[in-house]
Amino acid sequence: LWHYDDEDRLQADTRLATRMTQMDAQTVAAAVATARAVAFNLTHAEIIFGDFLDSIARASAPYSEIVAAEIHRLPYYLSVKEEDALEAMTRVGSQVRNTDNIRTAPRAALPTLMVALYYFLRTPIDFVSTVRGCLMAGGSVTTTTAIAGGLSGAFNGPHAMPAALFATLPQRQS
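The rules behind the values
Residues numbered from 1 in each chain as written. Predicted model: local features only at pLDDT ≥ 70, side-chain atom pairs only at ≥ 80, totals over all residues. Heavy atoms only, no water. Helix = DSSP H or I, 4+ residues; strand = E, 2+ residues; numbered from the N terminus. Buried < 20%, exposed > 50% of the residue type's maximum accessible area, 1.4 Å probe, protein only. Contact = heavy atoms within 4.5 Å. Axes fitted to C-alpha atoms, helices over the stretch in contact; angles between N-to-C directions. Parallel < 35°, antiparallel > 145°, perpendicular 65-115°, else oblique. Left-handed = near helix turned anticlockwise from the far one by under 90°. Nonpolar A, V, L, I, M, F, W, Y, C, P; charged D, E, K, R; others polar. Salt bridge = Lys/Arg side-chain N within 4 Å of Asp/Glu carboxyl O. pLDDT = per-residue confidence, 0-100.

Novice: Explain the overall build of the protein to me, please; I cannot follow it from the model alone.
Specialist: Secondary structure summary: the protein contains 10 helices and zero strands in total. Along the protein, from the amino end to the carboxyl end, the secondary structure elements read α-α-α-α-α-α-α-α-α-α. Within the protein, the fraction of its 174 residues that count as buried is 44%. Within the protein, counting contacts between residues at least 6 apart in sequence, those at least 24 apart form 60% of the total.

Here it is, written out as structure tokens:
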């Protein structure tokens, strides 16, 4: 996120880095959305859901309208029971056929992104609750928790992390 304050460069850098290993459009869109969400959190003092969601959906839309549409469904997911939201989010993107005529990994990027965003938006000012929610959700917990923890850390700063966890970070700054 060297260019977190330059939306165009951030998007181009993320697309380039992701395309080195992933050709799937949803995966690229999810990576771009993740980078944009972290950048948003680094540059905003408060989370206004509409602004946050519009920003990350707009960044992902050139690569996948499906990802952008699912990002805009987050208010719905946040309004239903947690187990119902998780069930629905873990299915997103899986029903779409690969039409790129290339080999791709299973489409796990979109559900992973959605669950990470869901738990961050449920508890945006509580790092521990955000991370705990991802860990308890099951599935790809390491990736989901890393994304959600990054979102929360970018928004809340290092003081929001438990001191013992912060002390383990290799490039920490006080």
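There is more to say, and it comes next.
Novice: Is there a simple way to explain the packing of helix α7 (residues 109-122) against helix α8 (residues 127-137) in this structure?
Specialist: Direction vectors running N to C along α7 and α8 enclose 140 degrees, while the axes themselves pass 8 Å from each other. Relative to α8, the element α7 is oriented oblique. Note on packing geometry: the crossing formed by α7 with α8 is right-handed. Seen from α7, the contacting residues are V115, A116, Y119 and F120; seen from α8, they are T130, G133, C134 and A137. Looking at side-chain class alone, the contact of α7 with α8 contains six nonpolar, two polar and no charged residues.

Novice: Looking at this structure, I do not really get the pattern of salt bridges. What am I missing?
Specialist: For side chains of opposite charge, pairing can occur when their charged atoms come near one another. As enumerated under the stated definition, the model contains three salt bridges in all. Where E82 meets R122, a salt bridge forms, and the shortest distance between an N and an O atom there is 3.7 Å. Of the two residues, E82 sits in helix α6 (residues 82-91) while R122 sits in helix α7, which places them 40 residues apart along the sequence.

Novice: Sorry if this is basic, but what is going on with the confidence of the model for the protein here?
Specialist: Close inspection of predicted coordinates is inappropriate for parts of the model with low pLDDT. The pLDDT averaged across the protein works out to 85; a share of 80% of its residues lies at or above 70. Across the protein, element-level confidence peaks in helix α5 (residues 74-79) with a mean pLDDT of 97 and bottoms out in helix α1 (residues 7-19) with 68. Note that pLDDT drops below 50 for residues 101-106; the model gives that stretch four contacts with residues more than four away or on any other chain.

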